[in-house]
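# A structural walkthrough
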Amino acid sequence: DGGITQSPKYLFRKEGQNVTLSCEQNLNHDAMYWYRQDPGQGLRLIYYSQIVNDFQKGDIAEGYSVSREKKESFPLTVTSAQKNPTAFYLCASSMNGGAGNQPQHFGDGTRLSIL
Amino acid sequence: RKEVEQDPGPFNVPEGATVAFNCTYSNSASQSFFWYRQDCRKEPKLLMSVYSSGNEDGRFTAQLNRASQYISLLIRDSKLSDSATYLCVVNFDNYGQNFVFGPGTRLSVLP
């Protein structure tokens, strides 16, 4: 089945540590996104990528980094510079452009906590 | 300024009730509109796209009013399983980077 796979489901980070969240999609979507959701809050965009080898900062990019070396993959690194990383991280993908509505599809998320 | 606003909620309704949510958006050039549902501690899932002429999917009806810049979601004959947070999402263009999510409206359907 086509879909978006995020791993791990749960992740714990020690102080000063960088951690990487995986996101893979086999939907042949051009665009991929990372969001952060805090308890009781809405989704906030961290980074997005419209095509391979290109990505743009979203609203809350500080303390995060991404890469887009393959169309299928868009890993997110939470660096030690992100002082409040505890949140629910959601990866999404969508087709680009074209006529009509092209919604985003989400992975089932990664919960990151500080040890 | 990109902004999507929703009814604050929570909406507590009895089973079988009809409930409606509204969502307003600030950018008149908005291109695409969606409703997602998000269960507690889960990812958002697409409920339905919203088309200019309005559209229906079973008990769910979505409407778009471009002149007033709002979309609505009507749920008829509410089920316990409809309890969730409903997110309004607006795409300000068709190239993906301008998806804006509303804060969500929480619905609880009570037995």
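Above: the structure in question.
### A closer look at the overall build of chain B
Of the regular secondary structure elements, chain B holds zero helices and eleven strands. From first element to last, N terminus to C terminus, chain B shows the α and β order β-β-β-β-β-β-β-β-β-β-β. Along the first, second and third principal axes, the C-alpha set of chain B runs to 40 × 30 × 20 Å. The buried share among the 111 residues of chain B stands at 50%. The long-range share in chain B, meaning contacts at least 24 apart out of those at least 6 apart in sequence, stands at 57%. With the model as given, the accessible surface of chain B reaches about 5300 Å², and the carbon-plus-sulfur share is 48%.

### Quick notes on the interface of chain B and chain A
Residue-level contacts link 21 residues of chain B with 21 residues of chain A. Roughly 1700 Å² is buried in total at the junction of chain B and chain A, and carbon and sulfur atoms are behind 54% of that figure. For the pair chain B and chain A, the interface holds zero salt bridges. Elements with a contribution of two residues or more to the side of chain B that touches chain A: strand 4 (32-38), strand 5 (44-50) and strand 10 (99-101) of chain B. No other element matches the five residues that strand 4 of chain B contributes to the side of chain B that touches chain A.

### Thoughts on the pairing of strand 11 (residues 105-110) of chain B
All names here are of chain B. When strand 2 (residues 11-14) meets strand 11, the two strands line up parallel, connected through four bridges. Directly across from Phe 11, in strand 11, lies its bridge partner Leu 107. Two elements, strand 9 (residues 84-91) and strand 11, share three bridges in a ladder whose sense is antiparallel. Pairing of Ala 84 across the sheet is with Leu 107, part of strand 11.

### Structural notes on the sheet that holds strand 8 (residues 70-75) of chain B
Residues and elements named next belong to chain B. Taken in spatial order, the five strands of this open sheet run 1-3-8-7-6, and their pairing is antiparallel. Because the sheet does not close on itself, it has two edges, and the strands there are strand 1 (4-6) and strand 6 (55-57). When the angles between neighbouring strand axes are averaged without regard to direction, this sheet yields 15°. Relative to strand 8, strand 3 (residues 19-25) is paired through six bridges, and the arrangement is antiparallel. Considered in strand 8, the bridge of Phe 21 is made with Leu 73.

### Regarding the state of the cysteines
The tally for this structure, following the rule as stated, stands at two disulfides over all chains. The residue that forms a disulfide with Cys 23 of chain A is Cys 91 of chain A, at a sulfur-sulfur distance of 1.9 Å. Measuring the twist about the S-S bond at about -75°, one finds the Cys 23 of chain A-Cys 91 of chain A disulfide to be left-handed. Placement of Cys 23 of chain A in strand 3 (residues 19-25) and of Cys 91 of chain A in strand 9 (residues 87-94) is noted, with a sequence separation of 68 residues between them. The residues Cys 23 of chain A and Cys 91 of chain A share a single accessibility class, namely buried. One disulfide bridge connects Cys 23 of chain B with Cys 88 of chain B, the sulfur atoms lying 1.9 Å from each other. Note on the Cys 23 of chain B and Cys 88 of chain B pair: the S-S dihedral is about -70°, so by sign convention the disulfide is left-handed. Placement of the pair is Cys 23 of chain B in strand 3 and Cys 88 of chain B in strand 9, with a sequence separation of 65 residues.

So, how was this worked out
- Residues numbered from 1 in each chain as written.
- Chains lettered and ligands numbered in written order.
- Predicted model: local features only at pLDDT ≥ 70, side-chain atom pairs only at ≥ 80, totals over all residues.
- Heavy atoms only, no water.
- Helix = DSSP H or I, 4+ residues; strand = E, 2+ residues; numbered from the N terminus.
- Buried < 20%, exposed > 50% of the residue type's maximum accessible area, 1.4 Å probe, protein only.
- Contact = heavy atoms within 4.5 Å.
- Areas by Shrake-Rupley, 256 points an atom, 1.4 Å probe, with all protein chains shown as cover.
- Buried area = accessible area lost by both parts, 1.4 Å probe.
- Salt bridge = Lys/Arg side-chain N within 4 Å of Asp/Glu carboxyl O.
- Pairing = 2+ DSSP bridges.
- Axes fitted to C-alpha atoms, helices over the stretch in contact; angles between N-to-C directions.
- Disulfide = S-S within 2.5 Å.

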